[in-house]
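Summary of the model geometry
Residues per chain, in single letters:
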Amino acid sequence: LSMLRSVSSHINNLFDGVQKKYEYKMRLVYAHFPINATITNGGGTVELRNFLGEKRVRIVNMLPGVKVDKSAGTKDEIVITGTD
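Since the model is a prediction, treat every value here as computed from it, not as a measurement. (Residues numbered from 1 in each chain as written. Predicted model: local features only at pLDDT ≥ 70, side-chain atom pairs only at ≥ 80, totals over all residues. Heavy atoms only, no water.)

**Focus: the overall build of the protein**
Each helix and strand in the protein was counted, giving 1 helix and 6 strands. Taken from N to C terminus, the helices and strands of the protein fall in the order α-β-β-β-β-β-β. Relative to its length of 84 residues, the protein is extended, with a C-alpha radius of gyration of 17 Å against a globular reference of 12 Å. The dimensions of the protein, computed from C-alpha atoms along their principal axes, are 55 × 30 × 25 Å. Expressed as a percentage of its 84 residues, the buried residues of the protein come to 19%. For the protein, the share of sequence-separated contacts (at least 6 apart) that also reach a separation of at least 24 residues comes to 35%. About 6700 Å² of surface is accessible on the protein, with carbon and sulfur atoms providing 57% of the total. Charge-centre separation for the protein: the mean point of 12 positive side chains lies 2 Å from the mean point of 8 negative side chains. (Helix = DSSP H or I, 4+ residues; strand = E, 2+ residues; numbered from the N terminus. Rg over C-alpha atoms; globule rule 2.2 N^0.38 Å. Buried < 20%, exposed > 50% of the residue type's maximum accessible area, 1.4 Å probe, protein only. Contact = heavy atoms within 4.5 Å. Areas by Shrake-Rupley, 256 points an atom, 1.4 Å probe, with all protein chains shown as cover. Lys, Arg positive; Asp, Glu negative; His and termini not counted. Charge placed at Lys NZ, Arg CZ, Asp CG, Glu CD.)

**Some points on the side chain of Thr45**
Along the chain, the position of Thr45 falls in strand E3 (residues 45-49). Here Asn61 takes part through its side chain, which lies 3.3 Å from a polar atom of the side chain of Thr45. Residues in contact with Thr45, not counting those within four places in the same chain, are Thr38, Ile39, Thr40, Ile59, Val60 and Asn61. (Polar contact = N/O pair within 3.5 Å; in protein donor to acceptor, adjacent residues only side chain to side chain.)

Right under this line is the structure:
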């Protein structure tokens, strides 16, 4: 009985994840080297500069259907929204 309930809850959570959009808030945390995040391609790509003092630019491509925005109210916070 408990196993059947677990499977049922898991299936319900799968449907909720597809129907509703999830929103994750992430903060850029640093101690010495300030991290710069630039959002390009209409929220489809994030470019991280000065990560741990590195000179190279790290590029993070988002999955289809996922958008990234900078938070207007909080400094060094990015908001990731999507169904996945």
